[in-house]
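Below, each chain spelled out in residue letters.
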Amino acid sequence: MNHLSEEIILDFIDENISREIKKDVLTHLSECDMCRNKLIEFQKVDKLFYQIEHLNAPEKINKIVMAKISKQLKSEKQQKNFFIFSIIFISSILITTIALIFSSVDKVKIEKFSEIEIISNKFIVGLNKILSLFLDKIYQNSLTLTFITILILIISILFLIDELKNHKIKPNL
Amino acid sequence: MVMINLTDNEIIDSINKGNYNDFNLLINRYKHKAFSLLMRMLKNQMDAEEVLQDAFLKTYYGLKNFRGESQFSTWFYKIVYNSAISKLNYRKNKFHNSFVSIEENLKIPFESNIEIEQNNLNNIVNKLIEQLPPQYATVINLHYMDGFSCDEISLIMNLSVSNVKIILYRARKILKEIIMKNNLQEELR
C-alpha cells in the first residue's frame, strides 16, 4: 500500500487538487490510519497558525508619520511661496528699472532731443516716440510707480524673513 | 467614526483630494499587520519601527501614483517588504540571497528543544515562528495572519507561485516536526 505524500496531504488541505485525485485521497484516508493521522497533525498546525495574533506596533507611529508628512507639506508650501516671492521680487525690480529708465528718457527728451535727432538714426527716435505715446502716462507717474514698487519690495522681504523664521523654528523630527 | 467604515480606495481618494489627515486611518488599519511582518523579517524592534515609518512615508508619497489596478493591501505590503529587504541589504545580511536560492536544500537552523516559559498559545506559536528562517516566517505571516493567497504572496515577494508553495509546504512541515518533537500538541489542543 502506497502512503500519501505530505505534499499531497497539504494540497488536499488547501484544496489544490483535482476532483479525481481528491476522490483517491479520500478513499486512501478511509483505509489508512497513518495517513489520516498525518492529515490531522497538519490540520492542527494550520489551525494553530490561523490563531496567531498580530504583534502590536508602537502607538507613537501615527504621530511620527503624520508629523513628518505635515513637515514635508509645509516645506513644499514654503517652496511654493518662495517661488511666488521670487516672481514678485524680480517683477518689482524690472518695473522699478523701467520706471527709472523712462523718467531719465523724459529728461533726455526735454534737454537733448534735438542733438539725438541729429546724431543718431531716425529709427531710434521713432521708436522713442512710439514708446512715449504708449507710456506717456507712465512717464508722468514714474515717481509714484517707483514708490509703489519699493513698497512691494519691502513687503516681499518681510514675507521672506517670516518664512525663514518659520523654517528655523520647526523642529527636526 | 463614519470614516472607519470606508474602503481603502475611498480613503485614498479622500487623501488625494487634499485631506492628508485621513492617512491616519490607513496607518491605524495596517500598522499592526505591517509591524508583525517586519518583526518576522528583521527580528529587531528598532529596525522594524524605523522601516515601518519609512514604509508609511513611501506609501503616502506613492498614493498619487496608485492606480488601483491591484488591491491597496498587496501594493502596501510590497512597499513594506521591499523596505525591509533594503534594510537587510544595508545590514549586509544574506537574507535576500536565501530567497533566490530557495530551491537549494534547506538546513533547519533552529533548535528543536523549545523552552516554553509561558503557557500561552500565542506566545508558543510566536516562539515557534521566530525559530523559522526569515523567508519562511514571512510567508507564514502573509498567508495565515494576513490572509494572502499564494498568488498574492508571489506578487509581494517577487517570487514564483511555485516557490511560494514550496516555502509554505516546508514551513508547515518544519513546524509540525517541532510540535511533534516537543510534544506540544497536547498544550496546543
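Residues numbered from 1 in each chain as written. Chains lettered and ligands numbered in written order. Predicted model: local features only at pLDDT ≥ 70, side-chain atom pairs only at ≥ 80, totals over all residues. Heavy atoms only, no water.

1. Quick word on the overall build of chain A
Summing up its helical and strand segments, chain A has 7 helices and 0 strands in all. Its helices and strands taken in sequence order, chain A reads α-α-α-α-α-α-α from the N to the C terminus. Scored against the burial criterion, the 173 residues of chain A give a buried share of 24%. Sequence separation of 24 or more characterises 71% of the internal contacts of chain A that already satisfy a separation of 6 or more. Accessible surface, chain A: about 12,600 Å² in total, of which carbon and sulfur atoms supply 64%. (Helix = DSSP H or I, 4+ residues; strand = E, 2+ residues; numbered from the N terminus. Buried < 20%, exposed > 50% of the residue type's maximum accessible area, 1.4 Å probe, protein only. Contact = heavy atoms within 4.5 Å. Areas by Shrake-Rupley, 256 points an atom, 1.4 Å probe, with all protein chains shown as cover.)

2. Quick word on the packing of aromatic side chains
Going through the model one piece at a time under the given rule, you end up with 15 aromatic pairs over all chains. Aromatic side chains phenylalanine 82 of chain A and phenylalanine 85 of chain A sit 5.9 Å apart centroid to centroid with 40° between the ring planes, which places their arrangement in the tilted category. Of the two residues, phenylalanine 82 of chain A and phenylalanine 85 of chain A both sit in helix α4 (residues 60-119), 3 residues apart, roughly one turn of that helix. Since its relative accessible area comes to 44%, phenylalanine 82 of chain A is described here as partly exposed. What makes phenylalanine 85 of chain A buried here is its relative accessible area of 8%. Among the aromatic residues, those joined into a ring-pair cluster are Phe23, Tyr30, Phe56, Tyr60, Tyr61, Phe66, Phe72, Trp75, Phe76, Tyr77 and Phe148 of chain B. (Phe/Tyr/Trp six-rings, centres within 6.5 Å; stacked < 30°, edge-to-face > 60°.)

3. Considerations on a nonpolar patch on the surface
Residue and element names in this part refer to chain A. A surface patch of nonpolar side chains, about 850 Å² in accessible area, is lined by Phe83, Ile84, Ile87, Ile88, Phe147, Ile148, Leu151, Ile152 and Ile155. For the nonpolar patch, the secondary structure elements donating two or more residues are α4 and α7 (142-169). A per-element tally of the nonpolar patch places α7 first, with 5 residues. On the secondary structure map, isoleucine 148 appears in helix α7. Given the relative accessible area of 42%, isoleucine 148 is considered partly exposed. (Patch = residues over 30% accessible without salt bridge, like charges linked within 9 Å, V, L, I, M, F, W, Y side chains within 5 Å. Salt bridge = Lys/Arg side-chain N within 4 Å of Asp/Glu carboxyl O.)

Limitation: the analysis is restricted to geometry and does not speak to function.
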